[in-house]
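What the coordinates show
Okay, here's what each chain looks like letter by letter:
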Amino acid sequence: MKLRPLHDRVIIKRLDNERKTASGIFIPDNAAEKPDQGEILAVGNGKVGDDGKIRPMAVKVGDKVLFGKYSGQTVKVEGDELLVMREEDIMAVVE
């Protein structure tokens with residue numbers, strides 16, 4: 001299944017966090033915090049302004065981004081857990 005986000009929304013796949021502490025202790029999945037970094041899989045066309053013009057997106061497919069811990073809506077697609085969020089919820093692009 002392919003998803004195409006609408007307007008200023010993006011689809012993000014979370015990047016896995018390290019599951020082992022510096023001292024070598026493994027953290028189980030249910031105790032680990034969800035990472036706040038991900039890779040953009042799809043982007044919408046852009047936000048429609050008050051004048052009717054579409055403002056292009058500042059991010060593109062493949063960008064690694066930072067976002068808030070509670071940003072976006074989680075969806076499951078073909079067994080993968082993805083996030084759908086607005087471009088304005090993205091805090092930074094990791095370069």
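For the structure, see preceding data.
Here's what I pulled together on the structure shown here. (Residues numbered from 1 in each chain as written. Predicted model: local features only at pLDDT ≥ 70, side-chain atom pairs only at ≥ 80, totals over all residues. Heavy atoms only, no water.)

Quick word on the sheet that holds strand S1 (residues 9-14)
Spatially, the six strands line up as an open sheet ordered S6-S7-S1-S2-S5-S8, and their pairing is antiparallel. A strand with exactly one partner marks an edge of an open sheet, and here the two such strands are strand S6 (73-77) and strand S8 (90-94). Strand-to-strand twist in this sheet, taken as the mean axis angle between neighbours without regard to direction, amounts to 40 degrees. Relative to strand S5 (residues 64-67), strand S2 (residues 37-43) runs antiparallel, the two being bridged by three bridges. (Pairing = 2+ DSSP bridges. Helix = DSSP H or I, 4+ residues; strand = E, 2+ residues; numbered from the N terminus. Axes fitted to C-alpha atoms, helices over the stretch in contact; angles between N-to-C directions.)

Some words on the nonpolar core
Core analysis: the biggest nonpolar cluster contains ten residues, these being Val10, Ile12, Ile40, Met57, Val59, Val65, Phe67, Leu83, Met85 and Ile90. Not counting residues up to four positions away in its chain, the partners in contact with Ile40 are Ile11, Ile12, Val59, Lys60, Val61, Gly62, Asp63, Val65 and Ile90. (Core = buried A, V, L, I, M, F, W, Y, C linked by side-chain atoms within 4.5 Å. Buried < 20%, exposed > 50% of the residue type's maximum accessible area, 1.4 Å probe, protein only. Contact = heavy atoms within 4.5 Å.)

A short note on a nonpolar patch on the surface
A contiguous nonpolar surface patch, about 250 Å² in accessible area, is contributed by Leu66, Met91 and Val94. Tracing the backbone through its elements, the reader meets Leu66 in strand S5. A residue is classified by how much of its surface remains accessible, and Leu66, at 31% relative accessible area, is partly exposed. (Patch = residues over 30% accessible without salt bridge, like charges linked within 9 Å, V, L, I, M, F, W, Y side chains within 5 Å. Areas by Shrake-Rupley, 256 points an atom, 1.4 Å probe, with all protein chains shown as cover. Salt bridge = Lys/Arg side-chain N within 4 Å of Asp/Glu carboxyl O.)

Quick word on the pairing of S1
Regular strands have side chains that alternate between both faces of the sheet. In terms of strand pairing, S1 meets strand S7 (residues 80-86) through five bridges, oriented antiparallel. Bridge pairing links Ile11 to Val84 in S7. Sheet topology note: the S1/S2 ladder contains five bridges and is antiparallel. Residue pairing in the sheet places Lys13 in a bridge with Glu39 of S2.

Describing the pattern of salt bridges
This model, assessed by the stated rule, comprises six salt bridges. In this structure, Glu87 and Arg55 form a salt bridge, with 3.3 Å as the shortest nitrogen-oxygen distance. Of the two residues, Glu87 sits in the loop between S7 and S8 while Arg55 sits in strand S4 (residues 54-55), which places them 32 residues apart along the sequence.

Section: the environment of Val84
Turning to its location among the elements, Val84 is positioned in strand S7. Given a relative accessible area of 23%, Val84 falls into the partly exposed group. Separated by eleven residues in sequence, Val84 and Gln73 have C-alpha atoms that sit 5.2 Å apart. In this view, Val84 contacts Arg9, Val10, Ile11, Gly72, Gln73 and Val75; residues no more than four positions away in its chain are not counted.

Some words on the environment of Asp63
One can find Asp63 in the loop between S4 and S5. Distance from Asp63 to Gly38, taken between C-alpha atoms, is 8.3 Å for residues 25 residues apart in sequence. In contact with Asp63, not counting residues within four places along its chain, are Gly38, Glu39, Ile40 and Val93. Of the polar contacts made by the side chain of Asp63, one reaches the backbone nitrogen of Lys60; its length is 3.0 Å. (Polar contact = N/O pair within 3.5 Å; in protein donor to acceptor, adjacent residues only side chain to side chain.)

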